[in-house]
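Close look at the chain arrangement
Read off the chains here:
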Amino acid sequence: MIYSLPARIRIKALVVLVLIFAVGTWGLIRLRTYRRQSAATSALQTGMAAYEAKEYGQAATDLGRYLLVDHDNIDVLLIYGDAQMQRRPQTEGTLRQAVSAFETVLRLQPGHPRACETLVQFYLQANAPVEAERVARAWQQV
């Protein structure tokens, strides 16, 4: 049926369809971005409230959701790492997440005092003096 129309009308119809598709795609991308940012903001608020209430498991879960969107936020990384260390029962996974958060802080801001101190203490307790020395040297150099 569309082939029976003149070429000029077929081209106009194709252009309209492409524009409709482009606008629809743009709208869906904007909606996804808005929903993702909204969910991250909500997770940050509930995570901070849970941390203040000393509900470390919930705090770590919610702050982890926030960090999926804003993974370079040093303040949230520090609180997330602390929440993972305070979480009970403590597992190898929670400790690994905490160390990863503090190491990320040191990558973003070398020699950060709180991150260095926490990691040095952790590595000494975990009987990893080489890692403790690496962090302490980085701390000292800054």
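Everything in this summary refers to the structure shown in the same document. Each chain carries its own residue numbering, running from 1 in the direction its sequence is written. Residues qualify for local features only when their pLDDT is at least 70, as the model is predicted, and side-chain atom pairs are given and counted only at 80 or more; totals for whole chains, interfaces and linings, by contrast, use all residues. Side-chain metrics rest on all non-hydrogen atoms present in the structure, leaving aside hydrogens and water.

1. Here we look at the nonpolar core
The condition that has to hold: The criterion is simple. A nonpolar core is a set of buried Ala, Val, Leu, Ile, Met, Phe, Trp, Tyr and Cys residues joined through side-chain atoms within 4.5 Å. Throughout this description, buried means an accessible area under 20% of the type-specific maximum (1.4 Å probe, protein chains only), exposed means over 50%, and partly exposed covers the range between. Numbered from the N terminus, helices here are DSSP runs of H or I no shorter than four residues, and strands are runs of E no shorter than two.
Counting 31 residues, the largest nonpolar core has Leu119, Tyr123 and Val135 as its most contacted members. Elements that contribute at least two residues to this core include exactly α1 (7-52), α2 (56-69), α3 (74-86), α4 (92-108), α5 (113-125) and α6 (129-141). The greatest single-element share of this core, amounting to eight residues, is contributed by α3.

2. Brief notes about the packing of aromatic side chains
Rules: Any Phe, Tyr or Trp ring, taking Trp's six-membered ring, that has another such ring centre within 6.5 Å forms a pair; planes under 30 degrees apart are called stacked, those over 60 apart edge-to-face, and the others tilted.
In the structure shown here, the tally under the stated rule is two aromatic pairs. Judged by centre distance (5.7 Å) and plane angle (70°), the rings of tyrosine 51 and tyrosine 56 are edge-to-face. Overall, the relative accessible area of 19% leaves tyrosine 56 in the buried class.

3. Some words on a nonpolar patch on the surface
Note the following rule: Nonpolar side chains (Val, Leu, Ile, Met, Phe, Trp, Tyr) within 5 Å and like charges within 9 Å form the patches, drawn only from residues with over 30% relative accessible area and no salt bridge. Each accessible area is a Shrake-Rupley result for a 1.4 Å probe, and residues are judged covered by the shown protein chains and nothing else. Just to be clear on terms, a salt bridge is a Lys or Arg side-chain nitrogen sitting within 4 Å of an Asp or Glu carboxyl oxygen.
Taken together, Ile11, Val15 and Leu19 make up a surface patch of nonpolar side chains, about 290 Å² in accessible area. Among the structural elements, leucine 19 can be located in helix α1.

4. Notes on α2
Selection rule: Here the expected span of a helix is defined as 1.5 Å times the quantity of residues minus one. The criterion used for residue contact is that any of the two residues' heavy atoms lie within 4.5 Å.
Spanning 14 residues, α2 covers 20 Å between terminal C-alpha atoms, matching the ideal 20 Å at 1.5 Å per step. Here α2 has its buried residues at Tyr56, Ala59, Ala60, Asp62, Leu63, Gly64, Tyr66 and Leu67. On its buried side, α2 packs onto α1 and α3.

5. Points about unusual backbone geometry
Going from arginine 88 to proline 89, the amide bond is cis rather than trans, its omega being 0°. By secondary structure assignment, the location of proline 89 is in the loop between α3 and α4. Although it is not a glycine, lysine 54 sits at a positive phi angle of roughly 60°.

6. Some points on the side chain of aspartate 62
To keep things clear, this is the line we draw: Residues adjacent in sequence count toward polar contacts only when both atoms are side-chain atoms; beyond that, a polar contact is any pair of N or O atoms within 3.5 Å, and within protein one must be able to donate a hydrogen and the other to accept it.
Within the fold, aspartate 62 resides in helix α2. Accessibility expressed as a relative area gives 5% for aspartate 62, which makes it buried. Polar side-chain contacts of aspartate 62 include one of 3.0 Å to the side chain of threonine 46. Setting aside residues up to four positions removed in sequence, aspartate 62 forms contacts with Ala43, Thr46 and Gly47.

Treat this as a map of the structure, not an account of what it does.
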